[in-house]
Amino acid sequence: MASFKRLFKNNTSAANIPSRKPPKLTWQHSWPLDQTANALVDSSFRLLPPEVLLQIFKGLSVHDLGNVALVCRTFKMIVDQDDIWKTKCNSSTKIQSKSFKEIYMDWMYEKYLRNIELEEVEAHYFIESSHVACGMRCGPPQYPIRQNGIHDFAAIGEFKQHPNESSDMTITLSVNLDKTACELISLLQKATPFQDKWRESSVIKQMITRYYRFMQLKAASPNNLLLVPTLDIEIIWQTHLLRPTMYRDDCMRLFHRVIDHSLLTNDVEQFLKEQAFIETCKLYEERFGEQYCPLPENKKDKKAPPRYVHRLFDSLKCLIPEYTYWDETHFQFQSSSIANHDDNPFSFTEADIILDGNWLSLCQKFMTEMQEKVNFRGHYDPYEGRINIGAGMLKRLKKSYERFLYMATKYPPSSGYKFIHPTYAIDIIWHSHMQEPLKYVSDCLRLVGYVIDHAPWPSVDANKMKTSCDDTTKAWKKEFDSDMYTDHLYNTKDNISDYYDY
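These notes cover the structure that comes with them.

A tally of helices and strands in the protein yields 18 helices and two strands. The buried share of the protein, taken over its 502 residues, is 44%. At a minimum sequence separation of 6, the contacts of the protein that also span at least 24 residues come to 78%. Of the roughly 26300 Å² that the protein leaves accessible, carbon and sulfur atoms contribute 52%.

Enumeration according to the criterion identifies 17 salt bridges in this entry. One salt bridge connects Asp250 with Arg253, and the closest N-O pair in it is separated by 2.8 Å. Residue Asp250 and its partner Arg253 are located together in helix α11 (residues 244-255), separated by three residues, close to a single helical turn. Residue class for Asp250 comes out buried when judged on its relative accessible area of 1%.

A cluster of nonpolar side chains, contributed by Phe45, Leu48, Val52 and Ile56, occupies part of the molecular surface with about 280 Å² of accessible area. As for its position among the elements, Phe45 is in the loop between α2 (33-38) and α3 (50-58). The class of Phe45 is partly exposed, set by a relative accessible area of 34%.

Turning next to the nonpolar core. If you look at the biggest cluster of nonpolar residues, it comprises 106 residues, and the most contacted ones within it are Phe57, Tyr211, Tyr401, Leu405, Ile428 and Ile452. Element by element, the count of residues in this core is highest for helix α15 (residues 391-410), at nine residues. If near-sequence neighbours (up to four positions away) are discounted, Leu405 is found in contact with Phe159, Ile171, Leu173, Leu447, Val448 and Ile452.

Let's shift gears to unusual backbone geometry. Even without being glycine, His256 reaches a positive phi, approximately 65 degrees. Tracing the chain through its elements places His256 in the loop between α11 and α12 (267-288). For His256, a relative accessible area of 64% corresponds to the exposed category. If you check the backbone angles, Asp481 has positive phi at about 60 degrees while not being a glycine.

This part takes up the packing of aromatic side chains. A full pass over the atoms with the stated rule returns 23 aromatic pairs. Their ring planes at 45 degrees and their centres at 5.0 Å tell us that Tyr211 and Phe346 sit as a pair that is tilted. Here Tyr211, found in helix α9 (residues 201-220), pairs with Phe346, found in the loop between β2 (316-318) and α13 (350-356); they are 135 residues apart in sequence, far enough to count as distant. A centroid spacing of 5.7 Å and a plane angle of 65 degrees characterise the contact between Phe214 and Trp237, whose relative ring orientation is edge-to-face. Of this pair, Phe214 sits in helix α9 while Trp237 is found in helix α10 (residues 231-241), placing the two residues 23 residues apart along the sequence. With respect to burial, Phe214 and Trp237 carry one shared label: buried. Here the aromatic residues Tyr211, Tyr212, Phe214, Trp237, Phe255, Phe346 and Phe348 are joined through ring pairs into a cluster of three or more. In this structure, Lys190 is placed above the aromatic ring of Tyr323, and the distance from its NZ or CZ to the ring centre is 3.5 Å. When the ring centre of Phe331 is taken as origin, the NZ or CZ atom of Arg210, which lies over that ring, is 3.9 Å away.

Moving on to the side chain of His488. Its location among the elements puts His488 in the segment after α18 (462-480). The contact partners of His488, leaving out residues within four places of it in the chain, are Phe366, Met367, Met370, Met393, Arg396, Leu397, Ser400 and Ala425.

Another aspect to go through is the environment of Asn344. Of note, Asn344 is situated in the loop between β2 and α13. Judged by its relative accessible area of 30%, Asn344 is partly exposed. With 136 residues separating them in the primary sequence, Asn344 and Ile208 have C-alpha atoms 6.7 Å apart. Setting aside chain neighbours within four positions, we find Asn344 in contact with Ile208 and Thr349. In this structure the side chain of Asn344 is engaged in a polar contact, spanning 2.9 Å, whose partner is the backbone nitrogen of Phe346. A polar contact of 2.9 Å, which involves the side chain of Asn344, links it to the backbone oxygen of Phe348.

Before going further, it helps to spend a moment on helix α17 (residues 437-447). Side chains of residues three or four places apart in an α-helix project in the same direction, reflecting 3.6 residues per turn. Listed in full, the buried residues belonging to α17 are Pro437, Tyr440, Asp443, Cys444 and Leu447. In a view along the axis of α17, the buried residues occupy a sector of 125 degrees, so they form one face of it. Where α17 is buried, its residues touch α10, α11, α15 and α16 (424-433). Remark: Gly449 follows α17 within two positions and exhibits a positive phi of approximately 100 degrees.

This part covers the packing of α9 against α10. The interhelical angle for the contact between α9 and α10, taken along N-to-C directions, is 85 degrees, at an axis separation of 9 Å. Comparing their axes, α10 and α9 come out roughly perpendicular. Counted together, Met207, Arg210, Tyr211, Phe214, Met215 and Lys218 of α9 and Asp232, Ile233, Ile236, Trp237 and His240 of α10 form the full contact between these two elements.

Turning to the environment of Glu279, a few remarks are in order. Along the chain, Glu279 turns up in helix α12. Take Glu279: its relative accessible area is 10%, and that puts it in the buried class. If near-sequence neighbours (up to four positions away) are discounted, Glu279 is found in contact with Ile95, Gln96 and Ser97.

This brings us to the side chain of His261. Inspection of the secondary structure puts His261 in the loop between α11 and α12. Polar side-chain contacts of His261 include one of 2.8 Å to the side chain of Glu234. Looking at His261, its side chain comes within polar contact range of the main-chain oxygen of Gln435, at 2.7 Å. Ignoring anything within four residues of it in the chain, the contact list for His261 reads Glu234, Trp237, Gln238, Leu241, Gln435, Glu436 and Pro437.

Structurally, Leu241 is set in helix α10. Separated by 213 residues in the primary sequence, Leu241 and His454 have C-alpha atoms spaced 9.5 Å apart. Beyond its immediate stretch of four places on either side in the chain, Leu241 contacts Tyr247, His261, Met434, Gln435 and Pro437.

About the cut-offs
- Residues numbered from 1 in each chain as written.
- Predicted model: local features only at pLDDT ≥ 70, side-chain atom pairs only at ≥ 80, totals over all residues.
- Heavy atoms only, no water.
- Helix = DSSP H or I, 4+ residues; strand = E, 2+ residues; numbered from the N terminus.
- Buried < 20%, exposed > 50% of the residue type's maximum accessible area, 1.4 Å probe, protein only.
- Contact = heavy atoms within 4.5 Å.
- Areas by Shrake-Rupley, 256 points an atom, 1.4 Å probe, with all protein chains shown as cover.
- Salt bridge = Lys/Arg side-chain N within 4 Å of Asp/Glu carboxyl O.
- Patch = residues over 30% accessible without salt bridge, like charges linked within 9 Å, V, L, I, M, F, W, Y side chains within 5 Å.
- Core = buried A, V, L, I, M, F, W, Y, C linked by side-chain atoms within 4.5 Å.
- Phe/Tyr/Trp six-rings, centres within 6.5 Å; stacked < 30°, edge-to-face > 60°.
- Lys NZ or Arg CZ within 6 Å of the ring centre and 35° of its normal.
- Polar contact = N/O pair within 3.5 Å; in protein donor to acceptor, adjacent residues only side chain to side chain.
- Arc of directions from axis to C-beta.
- Axes fitted to C-alpha atoms, helices over the stretch in contact; angles between N-to-C directions.
- Parallel < 35°, antiparallel > 145°, perpendicular 65-115°, else oblique.

Rendered as structure tokens:
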């Protein structure tokens, strides 16, 4: 950023952007015959076996590896091994068609192009903003602070502090809840236009078949091979993931291991995503003899969309997506199901998928209704008409989820207590936590002592359900001095997080 500041002092223009040199990392080298033959004659390295050299080279920087590879063919053959470049990629994910060194080289060039674009965006922003006068900006809503109560607290499991005693979460979870929650809501919003079509029985059957086949590919492939689901497959996967016990049992019965999942990608995975999607299409069609999904259009002659934007009076925003599924093209379903799509090997039903499709609208309705029950100051609402997933709201939602986990720890089913029913607000974070099933199980066992199962639409007598919910809300009120339904709208200790929602 220091370079940007220097640029701006000099009345920056796009023409003044410093030129960057592309990364220096080559794939092929050639040596004179005498150098190839004699490079190691006088070196003690000639006595070391290749396995030892490999371990030595693993500790070298990329710059040093490039120099070492120039020494002789023997060194280059060792430097090119995947074990070295796997660590440089900072990711174990790969695709079939490329070695880790090829992935690293392409990734470095991608970052080089990204830096050029960043500098152009920053420079353009400076020019545009220099013509705009500063003005008064309305602040975001300021939510009330919950009352400080006196709590008779004793440490339970991993809870060493009462949830009301800190504005931040007092426990550590393995899943990045902030990013996952944003991607989860985004996923459900993208699926909304297709929900009417995806409620048809013949279409649901085809979706389940496609999901089963995708999971077969996942089970038969190495854990680090990147396979990309389509939007319809991801939606069925969501139904399965939100039933943790069912998901584990089905995976063990059908695939003999739990297939892990995440909505998030790292830089390398996102960079490989399009190529991985193309290879997923080919693998699927080779194995099952049916089209997986139309391939993405050739972008050779198309201008690439911007990946960064600098909003006025705001920070630089990255437009590069971070989700794992493919949503740029959609599978065309047949109007009637054929025989080989009729079998559902999983424990969830078509009705579960249909009901899950209602969750987003019900959650949005709940959040709006609860918002009207709480008095807060301010008029600026950047999420008007949508579910608020700004940083401030996410902080409050995570605190409510922490209280939910605390209650589940304090009142476990093994002691005869009934299940703690959450609200739709708590559901946002709970569903996000369940996106990574292996981490979810691990977190539950470490924090709560058992895996909290999830039954989104329990088949329970309405009167019994009401009684159970009433008991839960009373226990919540007694424990936290707040109404469970509006708990996510109250800050704990301070309201600093409100200013994160710009």
